[in-house]
Amino acid sequence: MSLGPSTKGGEMTARDGGDRIAGFLAAQGVPFLFTLCGGHISPILVAAKHRGIRVIDVRDEATAVFAADAVARLTGSPGVAVVTAGPGATNTITALKNAQLSQSPIVIIGGATATILKGRGALQDIDQLALFRPHVKRTIGVSRVGDLVPALQDAFLIAQEGVPGPVFVECPVDVLYPEHVVREWYGAASPDDDAMSLGARFKRAYLRRHLDRVFGTGEDDPSPEPALPVIAPVTAGDVQRAAVQVAAARRPVLLVGSQAMLRPGSVAELVDAVDQLGLPVFLSGMARGLLGPAHPLLMRHQRGDALREADLVVLAGVPCDFRLDYGRQINRKAAVVAVNRSRRDLTRNRRPTVPLCEDPAEFLCRLAREAPPPPSAWTEWRERLRNRDRVRQADIERREQTLTEYVNPLALCRAVDDALDPDSVLILDGGDFAATASYIVSPRRPLAFLDPGPFGTLGVGAGFALGAKLCRPGAEVWILYGDGAAAFSLAEFDSFARHGLPVIAVVGNDAAWTQIARGQTALLHDDVGTVLRRTAYHTVAEGYGGRGFLADAQSNLPGVLADAKAAAREGIPALVNVWIGKTDFREGSVAI
């Protein structure tokens, strides 16, 4: 029995699984479907195209998931990727784990072998649900056409409610293709043959009963309204408890993290709330850019010193993980108001004075409405932090002038910052170079910065850029690549070119995995495995349909970046390969 994908037969109808899925996605307002084609999932892709959903096919399934992740972060609605069975599904694991740890609501629809062949050695048949279970909020297996839409309804709600995250829905090939085609695959379509043996007749009857169950559903599914999760309300008592701590503080610090950005539609209200509260604020993750680059409350440098001196720290969607040295950066005597959708993250490594399991953005908005005006006593504290910022900024600017063998990486980051349009989206994908850029290159507005999140994943760049450019077609989308990270997704320049998505990539090319080399050579006195070549990434990009530029001297930078921007305006993706030198700017950093 061969149950391979076939296109023999007529057109799909509303009873076909592929069209039911596409109809549901269209009703949810899903504009983009990210995929790498496979026979197991072809009906979904074809039906999605016919329903007006833009199908974006890429060169690696991980890219499809990263792109769906970017859409989720920028819109607040689940991004969707469709991947084929077996290796197609397993290729997504890193990207799925990244989305899980970053709390991104995405839905992955995976193909699978036919229901009757599971566990019998069919092509690409593995226990996908067991594989995915640790890395998603829920796995849902479908074995009947009539269960497809209910499964997707559950998936969309689960992905968004509480602590958002990915959901995996497995759809076997025989619930997706037209019924008459599947019956032909099973050999159950023709009438009984009186000459058939008793065993053959029994087998045919068994297959027909199985297919009657697979397809035995009601008429067309209704078009459901978009799934809107319920957000737990912030209570007046919780706000009052936090307001008491704020009123008593003399050296407060507010940290706003990615979780505060889960509802993009409320960002303007969140900005007003932070402004009204008057707390000096540090931004991390997706919250970078929330206040623009020059807000008087925004502090960019010396965060550790500020936390060690603060008498109140408000953690808005920020867990005490490795990024805060497991809570040890915070003054032991400081009061801590922690607001987080995750009860686990709320108390991880340090128990807060006021733990609030709520949406951090909604909490800050309520607190701003009910808290008293900022006291004058905070003025001196804010100025002290600003002065530290100025000192650190002056030190960075001095280091930018240091001559290196090729382009000073700090000077490159400054040139990129100078070149950014007000309407731009910034993506960092790399180790040492990307970390250096985070000190210098400033997102211009809210929801204009995408970083991997706490998993520290390399390879997010192209997928994030795909999603960002589709969501913001009029914006400049920049990827700042380390040369090690660039190779993970450089092939997606083919996807950029084919789909008319003119992103701009800048590769900081120092011919090394410098983030690792710094610690390895200092501690173990050997650079084994960390040495690369000054590869011609610009030539590779041109081979994939982009436009490439090389900058090996600092004097070339402004003109080359201007040329890359011009190419993007023409609709051509551009890559600038910059040979950078070595500096001691991040000396002592260890990537563990």
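Given the structure is predicted, the values throughout are model-derived calculations rather than measurements.

Student: Whenever I open this one, the pairing of strand E16 (residues 547-551) confuses me. Can you help?
Tutor: Strand residues, when the strand is regular, have side chains that alternate between the two faces of the sheet. Where E16 lies against strand E17 (residues 574-579), five bridges are found, and the strand directions are parallel. Considered in E17, the bridge of Leu550 is made with Asn577. Each parallel crossover has a hand, and the one from E16 via helix H23 (residues 557-569) to E17 is right-handed.

Student: Just to check I follow, could you spell out the pattern of salt bridges for this structure?
Tutor: Side chains that carry opposite charge are capable of pairing whenever their charged atoms lie near each other. Evaluation of the coordinates by the stated rule reveals 38 salt bridges. The partner of Glu179 in a salt bridge is Arg183, with the nearest N and O atoms 3.1 Å apart. Taken as a pair, Glu179 and Arg183 lie in helix H8 (residues 179-186) at a separation of four residues, close to a single helical turn. Among the residues examined, Glu179 registers a relative accessible area of 24% and is labelled partly exposed. With its nearest N and O atoms 3.4 Å apart, the salt bridge here joins Glu362 to Arg263.

Student: Sorry if this is basic, but what is going on with the layout of surface pockets here?
Tutor: Empty space among the atoms becomes visible once a probe the size of a water molecule is rolled across them. The calculated volume of the second largest pocket comes to roughly 450 Å³. The wall of the second largest pocket is formed by 28 residues, among which Thr75, Gly76, Ser77, Pro78 and Gln160 lie closest to the centre. Those elements that provide at least two residues to the lining of the second largest pocket are strand E1 (32-35), helix H3 (61-75), strand E3 (79-83) and helix H7 (148-160). At three residues, H3 tops the list of elements feeding residues into the lining of the second largest pocket. Among the residues forming the lining of the second largest pocket, the class breakdown is 19 nonpolar, seven polar and two charged.

Student: Is there a simple way to think about empty space enclosed by the protein in this case?
Tutor: For the structure on display, the rule yields two cavities of 30 Å³ or more. By volume, the largest cavity is sized at about 100 Å³. If you go around the largest cavity, the residues you meet are Pro409, Leu410, Asp432, Phe433, Thr436, Asp510, Thr514, Arg518, Ile580, Gly581, Lys582 and Thr583. Per-element accounting of the lining of the largest cavity gives the leading share, three residues, to helix H17 (residues 432-440). Residues that form the lining of the largest cavity fall into these classes: four nonpolar, four polar and four charged. There is about 80 Å³ of room inside the second largest cavity. Lining the second largest cavity are 14 residues, with Leu315, Val318, Ala338, Asp345 and Leu346 sitting closest to its centre. Contributions of two or more residues to the lining of the second largest cavity are made by strand E10 (335-339) and helix H13 (343-346).

Student: Sorry, what's going on with the pairing of E10 here?
Tutor: Within E10, five of the five residues are buried, which leaves it mostly tucked inside the rest of the structure. Of the two faces of E10, the one holding Ala335, Val337 and Val339 and the one holding Val336 and Ala338 are both buried throughout. The pairing of strand E9 (residues 312-316) with E10 spans five bridges and is parallel. Residue pairing for E10: Val314 is matched across the bridge by Val337. Two elements, E10 and strand E11 (residues 354-356), share three bridges in a ladder whose sense is parallel. Note on E11: the bridge partner recorded for Ala338 is Pro355.

Here is what the cut-offs are and how they apply
Residues numbered from 1 in each chain as written. Predicted model: local features only at pLDDT ≥ 70, side-chain atom pairs only at ≥ 80, totals over all residues. Heavy atoms only, no water. Pairing = 2+ DSSP bridges. Helix = DSSP H or I, 4+ residues; strand = E, 2+ residues; numbered from the N terminus. Right-handed = clockwise from strand over helix to strand, strands pointing away. Salt bridge = Lys/Arg side-chain N within 4 Å of Asp/Glu carboxyl O. Buried < 20%, exposed > 50% of the residue type's maximum accessible area, 1.4 Å probe, protein only. 1 Å grid on protein atoms, 1.4 Å probe; cavity = no way out; pocket = protein on both sides within 12 Å on 5 of 7 lines; lining within 4 Å. Points joined across faces, edges and corners; volume = space filled by probe spheres on them. Nonpolar A, V, L, I, M, F, W, Y, C, P; charged D, E, K, R; others polar.

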